[in-house]
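Geometric and topological summary
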Amino acid sequence: MNADTSSLTARARVHAALGDPARLAIVDALTLGDASPGEIATDLGMPTNLVAHHVKVLQEAGLLVRTRSEGDRRRTYLRLVPGVLSSLTAPRLDTADRVVFVCTHNSARSQLAAALWRDRIGGQVASAGTAPAQRVHPRAVRVAHEHGLALDPAGTHHVDDILGDGDLIIAVCDNAHEDLTGPVRPRLHWSVPDPARVDTDDAFEAAYTDLADRIDRIAPVLNSGADYGFPTEPESPS
């Protein structure tokens, strides 16, 4: 009985937190990607002190957590807690010709994300780095292979050679999100910790799991297969 009461209390706290239009707007903004409080304030046209108040309420309700940027340590990002909002319908994504995942070195996170997208969703997808390494990290190649995916060990690319105006750009690291400030910039930001900093199999497996969860979360909100380069009808046999 105590467990049931505790569960009801937690659920009621979530519903109460979402009962304010401003807080619901913040949750909507974070459903598909992470953002700093300042970015939320700018995107939603809210004063920063009001955003801070609403973020505090959402944190206390267990809806989101705050993580510090691996790039600019003065900056923090907000992210939703997986599973709490499983019944919330996310806003649908705008149409795009191709999905491009970007990180700093294009040696792990962006490579794994592109491979996962290609395997689970399909369509046109690529990856790139703001300062690409010469090779894909061996642990990234290994964890991909263990999950039935293939990475080209030499297949790294610079963003200048890859990004185009029609791309849906998803930054999967804080540095790339903060560095790409020009006309072609990320539409979404996923604050995935850099596994190479720890450089263990567990760290790369954690990055893989994080990316897989996010791709599974985003799949239902794609407008249609045709918008992302998917065939709308089976090809006729030649």
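As the structure is a prediction and not an experimental result, all values here were calculated from the model. (Residues numbered from 1 in each chain as written. Predicted model: local features only at pLDDT ≥ 70, side-chain atom pairs only at ≥ 80, totals over all residues. Heavy atoms only, no water.)

1. Quick notes on unusual backbone geometry
At N106, a position not held by glycine, the phi torsion is positive, near 50°. Here N106 is to be found in the loop between β3 (98-103) and α5 (109-120). Its identity as a non-glycine residue notwithstanding, D199 has a phi of 60°, on the positive side. With respect to the helices and strands, D199 occurs in the loop between α9 (195-198) and α10 (201-218). (Helix = DSSP H or I, 4+ residues; strand = E, 2+ residues; numbered from the N terminus.)

2. A look at the packing of aromatic side chains
For any pair of aromatic rings, the description rests on two quantities: the centre-to-centre distance and the angle between the ring planes. Throughout the structure, instances matching the rule amount to two aromatic pairs. Residues F101 and W190 carry aromatic rings whose centres are separated by 5.7 Å and whose planes lie at 50° to one another, so their mutual orientation is tilted. Residue F101 is found in strand β3, and its partner W190 is found in the loop between β6 (188-189) and α9; the two are separated by 89 residues along the sequence. The rings of F101, W117 and W190 are connected pair by pair, giving a single aromatic cluster. (Phe/Tyr/Trp six-rings, centres within 6.5 Å; stacked < 30°, edge-to-face > 60°.)

3. Topic: the packing of α5 against α10
Across the interface, α5 lies against α10 with an axial gap of 10 Å and an inter-helix angle of 40°. If you check the angle between α5 and α10, you find them oblique. At the point where α5 passes α10, the crossing takes the right-handed sense. Every residue of α10 that contacts α5 at R109, L112, A113, L116, W117 and R120 is listed here: Y208, L211, A212, I215, D216 and I218. For the contact of α5 with α10, the residue count by class is nine nonpolar, no polar and three charged. (Axes fitted to C-alpha atoms, helices over the stretch in contact; angles between N-to-C directions. Parallel < 35°, antiparallel > 145°, perpendicular 65-115°, else oblique. Left-handed = near helix turned anticlockwise from the far one by under 90°. Contact = heavy atoms within 4.5 Å. Nonpolar A, V, L, I, M, F, W, Y, C, P; charged D, E, K, R; others polar.)

4. With respect to the sheet that holds strand β4 (residues 125-129)
In any sheet, the strands associate via hydrogen bonds between backbone groups, in a parallel or an antiparallel arrangement. The strand order across the open sheet built from four strands is β4-β3-β5-β6, with neighbouring strands paired in parallel fashion. Edge positions in the sheet fall to β4 and β6, since each has one partner strand and no second. (Pairing = 2+ DSSP bridges.)

5. Quick look at the pairing of β4
Most of β4 is tucked away: five of the five residues are buried. A two-sided burial pattern is seen for β4, the buried positions comprising V125, S127 and G129 on one face and A126 and A128 on the other. Looking at chain direction, β3 and β4 are connected through five bridges and run parallel. Across the sheet, residue V102 finds its bridge partner in β4, namely A128. A crossover connection joins β3 to the parallel β4 through α5; in handedness this β-α-β unit is right-handed. (Buried < 20%, exposed > 50% of the residue type's maximum accessible area, 1.4 Å probe, protein only. Right-handed = clockwise from strand over helix to strand, strands pointing away.)

6. Section: helix α6 (residues 138-146)
Those residues of α6 lying buried are A140, V143 and A144. For α6, the arc enclosing every buried residue in end-on projection is 100°, short of the 170-degree limit, so these residues lie on one face. In α6, the exposed residues that point more than 90 degrees away from the buried face are P138, H145 and E146. Where α6 is buried, its residues touch α5 and α10. Just downstream of α6, G148 is the residue with a positive phi angle, here 80°. (Arc of directions from axis to C-beta.)

7. Here we look at the confidence of the model for the protein
When pLDDT is averaged across the protein, the result is 87; 87% of the residues are at 70 or more. Averaged pLDDT values for the elements of the protein fall to 73 in helix α1 (residues 2-17) and rise to 98 in α6. Ignoring residues within four places in sequence, the model shows residues 229-238, a span with pLDDT below 50, making eleven contacts including any to other chains. (pLDDT = per-residue confidence, 0-100.)

8. Quick notes on the pattern of salt bridges
For the structure on display, the rule yields 14 salt bridges. Between D210 and R79 there is a salt bridge, with the nearest N and O atoms lying 3.3 Å from each other. With D210 in helix α10 and R79 in strand β2 (residues 76-80), this pair connects stretches of sequence that are 131 residues apart. On the basis of relative accessibility, which here comes to 14%, the residue D210 falls in the buried class. Overall, the relative accessible area of 17% leaves R79 in the buried class. With a shortest N-O distance of 2.9 Å, R214 and D210 are connected by a salt bridge. (Salt bridge = Lys/Arg side-chain N within 4 Å of Asp/Glu carboxyl O.)

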